[in-house]
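Report on the structure
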Amino acid sequence: MEGSIALLGFGEGGWGPSIASGVLVTVSLALATLPVGLAIGFFVALGKQSQEPSVKLAANMYTTIFRGLPELLTLFLVYFGGQIGIQKLGQLLGYTGTIEINSFIAGMFAMGTVFSSYASEVFLSAFRAIPKGQYEGGYAIGLSYGQTMRKVILPQLIRIALPGLGNLWMILLKDTALVSAIGLADILRQTSVAARVTKHAFLFYGTACMIYLVLAILSSFVIDGIDRWSAKSGAKR
């Protein structure tokens, strides 16, 4: 027992600092990916409702591709494929040096595309749940399309979409473990290194399990708090 505590501690020979830095990387990656995924997902949902056939087709193709590909494969395509593509582009422009993509940026972009493809479906369902009379009411009082979206539709959209987006956040938090495959020192990467070095696999992988569970529980409290705040704000309108 004392040996396990020492291995997980922050003293000499302890892996506490490494695991703590892994937690920071995991949370930072998830938080950085969230706004990217939400923004792309929102505009993809708008595209799916577009009256322009080409825009609607492009939006549907986007979600079909990134919902159909395994997340790990998407990550590899972005990290390795993107690196090759940028290298070739650099050569065309006369640059002969080596170009490497930052693993954090690659992970954020790959996770963001996958997250946005699912988020777009959540937003689309929320859009469809809002009666068309809400739009017509906004136009009737002289609001433009943009003003109607901002003042009338978006507040309702957020309340309707929040439960689904909360579930997607939980999935995103877990999926960040995939970035360990491209060398990013997240929770899984750090605990895997510790397990190999110390030969205490159960201890460190069990610790990783507990950390992810704690993050999920904390996220649940935050999501519930946002949900209650949103419900109160809606009741005041």
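For clarity, every value in this text was computed on a predicted model and none was experimentally measured.

To continue, consider the overall build of the protein chain. The number of helices and strands found in the protein chain is nine helices and zero strands. For the protein chain, the succession of helices and strands along the chain, N to C, is α-α-α-α-α-α-α-α-α. Its C-alpha atoms put the protein chain at 70 × 55 × 25 Å along the principal axes. The proportion of buried residues among the 237 residues of the protein chain is 40%. Entry remark: accessible area of the protein chain is about 13,400 Å², with carbon and sulfur atoms responsible for 68%. Of note, the protein chain has its 17 positive side-chain charges centred 10 Å away from the centre of its 11 negative side-chain charges.

Before going further, it helps to examine the packing of aromatic side chains. Enumeration according to the criterion identifies seven aromatic pairs in this entry. Taking 5.7 Å as the distance between ring centres and 90 degrees as the angle between the ring planes, the aromatic pair formed by Phe-42 and Phe-123 counts as edge-to-face. Of this pair, Phe-42 sits in helix 2 (residues 16-48) while Phe-123 sits in helix 5 (residues 103-129); the two residues are 81 residues apart in sequence, bridging distant segments of the chain.

Let us look at unusual backbone geometry. You will see that Lys-199, though not glycine, has its phi angle at about 65 degrees, which is positive. With respect to the secondary-structure elements, Lys-199 resides in the loop between helix 8 (187-198) and helix 9 (201-236). Note on Lys-199: relative accessible area 69%, which makes it exposed.

So, about the pattern of salt bridges. On inspection of all chains with the given rule, the structure shows two salt bridges. Where Lys-48 meets Glu-121, a salt bridge forms, and the shortest distance between an N and an O atom there is 2.0 Å. With a gap of 73 residues between them, Lys-48 in helix 2 and Glu-121 in helix 5 connect regions that are remote in the sequence. Taking relative accessible area as the criterion, Lys-48 reaches 8% and is therefore assigned buried.

Let's shift gears to the UniProt feature "domain: ABC transmembrane type-1" (unreviewed entry) in the protein chain. The sites that carry the UniProt feature "domain: ABC transmembrane type-1" (unreviewed entry) are, in the present numbering, residues 23-223. Each end of residues 23-223 is marked by a C-alpha atom, and these two atoms are 20 Å apart; helix forms 83% of the span and strand 0%.

Position of Arg-159 among the secondary structure elements: in helix 7 (residues 145-175). Using a relative accessible area of 28% as the deciding quantity, one classes Arg-159 as partly exposed. Spatially, the C-alpha atoms of Arg-159 and Ile-226 are 9.5 Å apart, while their sequence positions differ by 67 residues.

Moving on: a nonpolar patch on the surface. Together, Val-214, Ile-217, Leu-218 and Phe-221 give the surface a local cluster of nonpolar side chains, amounting to about 400 Å² of exposed area. The topology assignment puts Leu-218 in helix 9.

Reading guide: rules and limits
- Residues numbered from 1 in each chain as written.
- Predicted model: local features only at pLDDT ≥ 70, side-chain atom pairs only at ≥ 80, totals over all residues.
- Heavy atoms only, no water.
- Helix = DSSP H or I, 4+ residues; strand = E, 2+ residues; numbered from the N terminus.
- Buried < 20%, exposed > 50% of the residue type's maximum accessible area, 1.4 Å probe, protein only.
- Areas by Shrake-Rupley, 256 points an atom, 1.4 Å probe, with all protein chains shown as cover.
- Lys, Arg positive; Asp, Glu negative; His and termini not counted.
- Charge placed at Lys NZ, Arg CZ, Asp CG, Glu CD.
- Phe/Tyr/Trp six-rings, centres within 6.5 Å; stacked < 30°, edge-to-face > 60°.
- Salt bridge = Lys/Arg side-chain N within 4 Å of Asp/Glu carboxyl O.
- UniProt positions renumbered as here; feature names shortened; annotations may be inferred.
- Patch = residues over 30% accessible without salt bridge, like charges linked within 9 Å, V, L, I, M, F, W, Y side chains within 5 Å.

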